[in-house]
Every structure is written in C-alpha cells, then in structure tokens.
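Chain and residue survey
So the chains spell out like this:
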Amino acid sequence: MSLNIPLRVKNLVARYDTSDPFRLAKDLNCLVYYVALPPGVNGFWRHVLRKRTIAINEELEEWQQAAVLCHELGHIVCHPGYAAFSMRNISFSNTRIENEADEFAECLMSYRYDLDEYYVRPFLSQSWHP
Ligand SMILES: [Zn+2]
C-alpha cells in the first residue's frame, strides 16, 4: 500500500494551521536538539523516556536543518514504528520508507521554500538519515 504523501502533508498543515516544521514538531510533542553528528549524518529521531526526540546535525545550513526536520516529521507521521527498528541496526535503511519521508519533506518544504532554489530532495537523498 502506498501512502498519499501530498495529502498527508496537506492535512497536517491544515490541522495545525502551520507549515513551519519547528512549530509542527512542537505541536506533535517532539523535542528538537542540534547535536554534533558525523558529516553525512543529517539527523534521526527516537523515543527518549517516551518523548519523541529529533536530533539534527548542528553543522548544516538553516534550510537543510528545516529539511531534515521535515524528513523526520515524515517518519513520525507516516511510519510511527520505524525509529525503534532503525536504531537497532544503524546501517539498516528501508528505501521505500526513506523515499516516503523524503517526499513528505519535499512537500512540506514547498510551502515555505522555492524548491527551484533549495534542492531539498537531492540534499536529503545524498545523506544518511534514518
Ligand atoms: Zn529517514
């Protein structure tokens, strides 16, 4: 079954009345941290003491951090059981699930960024981001 990602993004933006990923993260009870991560690792999310916690590479540019946050929000909205699995084997990557999160991020970013100027999808697909 494939998800209708653009519709999911549209519903999310309508429901919380914002397309700002940082506000959406707050509304979805996510804590966002900027941390030192190896180059090429954009970020990840996991449960920490039952709180959804999103870590973003502090070295990225601002729009890239927003794109990573959108990607992780995509997992939280579309793949709620995924993080636990991906953390057990850090090299594991499910292509379909990652593509869905990238599509989610691209849709959500398109509300605030000109995608002809900010290459969200290529940026996300080139880096490692469970
Ligand atoms: Zn991912």
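Now for a description of the structure that goes with this document.

Reading guide: rules and limits
Residues numbered from 1 in each chain as written. Predicted model: local features only at pLDDT ≥ 70, side-chain atom pairs only at ≥ 80, totals over all residues. Heavy atoms only, no water. Helix = DSSP H or I, 4+ residues; strand = E, 2+ residues; numbered from the N terminus. Contact = heavy atoms within 4.5 Å. Pairing = 2+ DSSP bridges. Expected span 1.5 Å × (residues − 1). Buried < 20%, exposed > 50% of the residue type's maximum accessible area, 1.4 Å probe, protein only. Axes fitted to C-alpha atoms, helices over the stretch in contact; angles between N-to-C directions. Parallel < 35°, antiparallel > 145°, perpendicular 65-115°, else oblique. Left-handed = near helix turned anticlockwise from the far one by under 90°. Nonpolar A, V, L, I, M, F, W, Y, C, P; charged D, E, K, R; others polar.

The next point concerns the side chain of Glu100. Within the secondary structure layout, Glu100 lies in helix H5 (residues 95-109). Residues in contact with Glu100, not counting those within four places in the same chain, are Leu3, Ile5 and His79.

For a regular strand, the rule is simple: side chains alternate between the two faces of the sheet. Judged from the six bridges that link them, strand S2 (residues 43-48) and strand S3 (residues 51-57) form a sheet pairing that is antiparallel. Note on S3: the bridge partner recorded for Gly43 is Ile56. In textbook terms, the turn of a hairpin is the stretch between consecutive antiparallel strands, and for S2 and S3 this stretch comprises two residues, one of which, Leu49, has a positive phi near 50°.

A separate point is helix H3 (residues 62-78). Taking 1.5 Å per residue as the helical rise, H3 with its 17 residues ought to reach 24 Å, and the 24 Å between its terminal C-alpha atoms agrees with that figure. Across the 17 residues of H3, 15 count as buried, placing the element largely inside the fold.

So, about the packing of helix H1 (residues 5-16) against H5. Put simply, H1 and H5 touch, their axes get as near as 9 Å, and they point 50° apart. One finds that H1 runs oblique with respect to H5. Pair H1 / H5 crosses with right-handed handedness. For the pair formed by H1 and H5, the contact residues are Ile5, Pro6, Arg8, Val9, Leu12 and Val13 on the first element and Glu100, Glu103, Phe104, Cys107 and Leu108 on the second. Along the lines of polarity and charge, the residues of the contact of H1 with H5 split into eight nonpolar, no polar and three charged.

So yeah, pure geometry; function would need other evidence.
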